[in-house]
Every structure is written in C-alpha cells, then in structure tokens.
Amino acid sequence: MSTTLEGRVVLVTGASSGIGRATALALSKAGARVAVGARRADRLEALTEDAPGEMLPLELDVTDHRSVTDAVATTVEHFGTLDILVNNAGVMLSSPVLGADTTEWARMVDTNLLGSMYMAHAALPHLLASKGAVVQVSSTAGRTASATSAVYAATKFGVNAFSEALRQEVTELGVRVVVIEPGFVATELAGHITDPAIQAAARSMAESMRTLQPEDIAAAVVYAVTQPEHVAVNEILIRPTDQS
Ligand code: NDP
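In this text, all values refer to a predicted model and were calculated from it rather than measured experimentally.

**Topic: the confidence of the model for the protein**
Line of reasoning, step 1. Across the protein, pLDDT averages 97, with 99% of residues at or above 70.
Line of reasoning, step 2. Two summary scores accompany this predicted model of the complex, namely pTM at 0.98 and ipTM at 0.99.

Structure (structure tokens):
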C-alpha cells in the first residue's frame with residue numbers, strides 16, 4: 001500500500017448506502033478503482049453512475065460464503081489485484097435481551113461478524129500479495145456495550161477481537177489492519193430497528209445532536225489508507241462532538 005490511491009483496487013462492502021457509499025465515492029475521488037458490494041443492485045448501479053472513477057458493482061450477500069468468494073474473485077479478475085478491503089456491511093437491530101426476536105440476533109451475527117470474517121478470509125491471499133490493508137468498520141459499540149445493544153455490541157467486540165488477532169498474524173507480512181469505530185452517524189442503520197420504542201429512542205438521539213455524516217467516516221478511511229508504508233493506523237475512534 002502506498003500513500004497515493006491512484007490506480008489502487010479497493011473492495012467496499014455495504015456500499016449501497018451510508019458509510020459504505022460515502023467511502024466508495026471518497027476512494028474513487030482519490031483515484032482508486034473501486035468494487036462496490038451489497039444486496040441492492042439497483043443502488044449500486046446508481047452509485048457507479050455518480051462515481052468520479054471506475055467502479056465495479058457486485059451483487060453481494062456477506063452472509064453467503066459463496067457470494068463472498070465470488071465477489072472477491074470477480075474483483076481480482078476485473079482489476080487484476082486487490083489492495084484494500086473495506087469491511088463495512090452491517091445491520092443494527094437493537095432491542096432488550098428479554099423478549100428479543102432471536103432471528104434478529106442471527107442476522108446481526110451472520111452479517112456483522114461472520115460475514116466480515118468471510119470477507120477478510122477470502123480477501124487475505126490477495127492482500128498478502130499486494131501488501132494491502134483491511135479496514136474493519138466496527139463501532140463505539142465495539143469498545144463499550146450498553147443496554148439494548150447486547151448482541152450488536154457483541155458482534156462489534158467480536159470484530160475488534162478478530163481484527164487484533166489478524167493484525168498480529170499479518171503485520172510483519174506487510175498487511176495493515178485498521179479498525180474504525182464510529183459513534184452516531186446519520187445513515188439508514190437505525191431505520192431497520194423493529195422495536196418501536198428503541199426506534200423512537202434512536203430518532204430522538206439523532207435529533208439531540210449534530211451527528212456525524214457518512215463523509216466524516218469516509219475521510220477517516222482515506223486518511224488511514226494513505227499513510228506511508230511504515231505507518232499502521234490500527235484504530236480510529238470517531239464520535240460526534242455532541243455525543244457523550
Ligand atoms: P446503512 O444501513 O446505511 O448501510 C449498511 C450497508 O450494509 C448497506 O449498504 C447494506 O446494503 C449493507 N448490508 C447489510 N446486510 C448485508 C449483507 N447481508 N450483505 C451485503 N451487504 C449488506 O448503515 P451504515 O452506513 O451506518 O453502516 C455501515 C457500517 O457502519 C455497519 O457495519 C455499522 O454497524 C457501522 N456503524 C454505523 C454507525 C452509525 O451510527 N450509522 C456507528 C458505528 C458503526 P444492502 O441492504 O443493499 O445489502
């Protein structure tokens with residue numbers, strides 16, 4: 001990985017909205033060739049039309065191991081290499097433990113944790129070849145758990161644990177592992193919460209502060225992946241100033 005993104009190949013998961021979309025656009029603007037993955041293919045087609053540089057849309061479900069390996073293989077076939085994986089796809093279905101719909105727990109674990117691990121596993125041989133980087137989009141919930149976020153936080157603590165172990169395995173081989181831990185960002189994420197009381201609490205939290213914008217996180221990703229080769233930005237915790 002070098003300090004310029006010109007011609008670098010990046011695969012961004014969860015690029016159909018929010019942080020992933022903004023990050024794909026920022027990387028494209030900085031000169032990268034970007035493969036963008038998510039389930040909503042129509043959104044990806046629209047994104048590629050907005051992109052300043054070459055973008056490859058990939059229908060991707062990170063919970064499906066075959067879909068993950070296909071996405072990585074298609075990226076490498078199309079662009080010839082893979083320099084950076086931005087492991088961003090995620091869902092947050094917050095609710096108290098008591099009475100929770102456990103199918104929502106499975107969706108969070110399958111997407112945020114297992115899906116992210118499948119992506120890293122499939123991309124790693126290519127990242128070792130390019131001496132690239134993995135950007136793991138975790139959360140403040142990966143550092144501090146709070147009521148109604150038990151399972152979401154468990155997935156993000158898991159992402160942080162996986163990332164630190166992976167870092168130790170690959171850093172001397174030239175692959176850098178970056179963990180990004182955003183606080184409240186204005187995206188679609190909380191809109192999928194099915195518990196009406198928690199959904200309302202998330203809305204009122206958003207209204208109570210100047211939230212981060214997806215572009216703020218995109219800028220942190222671009223910063224992390226444009227450092228000189230001897231600099232490994234391992235962790236960025238980034239919260240709205242108004243979030244206590
Ligand atoms: P969005 O809901 O806007 O974006 C989530 C993205 O993940 C979408 O592009 C969605 O695409 C994709 N996704 C969900 N499930 C899958 C799947 N099975 N396979 C592939 N893609 C999937 O939310 P954010 O942009 O906020 O979230 C991005 C990441 O940032 C998540 O990991 C989230 O946990 C993290 N984060 C967000 C914070 C916030 O306050 N917003 C704070 C801290 C962390 P599609 O539905 O088309 O598949």
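**Examining the sheet that holds strand 5 (residues 133–137)**
Line of reasoning, step 1. A sheet is described by the order of its strands in space; here seven strands give the open sequence 3-2-1-4-5-6-7, paired in parallel fashion. In the strand order of this sheet, the two ends are held by strand 3 (55–59) and strand 7 (235–238), each with one partner. Across the sheet, the mean angle separating the axes of adjacent strands is 15° when strand polarity is ignored.
Line of reasoning, step 2. As defined by bridge partners, strand 6 (residues 176–182) adjoins strand 7 across four bridges and the pair is classed as parallel. Pairing of Pro182 across the sheet is with Ile238, part of strand 7.
Line of reasoning, step 3. On top of the sheet, helix 4 (residues 102–130) reaches strand 1 (9–13), strand 4 (84–87) and strand 5; it is set at about 175° to strand 4, its chief contact.
Line of reasoning, step 4. Contacts from helix 5 (residues 150–170) reach strand 5 and strand 6 within the one sheet, and its direction differs from that of strand 6 by about 160°.

**Description of the site of the ligand**
Line of reasoning, step 1. If you check the shell around the ligand, you find 32 residues, and the closest are Gly14, Gly18, Arg39, Arg40 and Gly90.
Line of reasoning, step 2. Those elements giving two or more residues to the shell around the ligand turn out to be helix 1 (18–29) and helix 4.
Line of reasoning, step 3. Residue composition of the shell around the ligand, by class: 13 nonpolar, 14 polar and five charged.

Reading guide: rules and limits
Residues numbered from 1 in each chain as written. Predicted model: local features only at pLDDT ≥ 70, side-chain atom pairs only at ≥ 80, totals over all residues. pLDDT = per-residue confidence, 0-100. Pairing = 2+ DSSP bridges. Helix = DSSP H or I, 4+ residues; strand = E, 2+ residues; numbered from the N terminus. Axes fitted to C-alpha atoms, helices over the stretch in contact; angles between N-to-C directions. Contact = placed C-beta atoms within 7 Å. Near = placed C-beta within 6 Å. Nonpolar A, V, L, I, M, F, W, Y, C, P; charged D, E, K, R; others polar.

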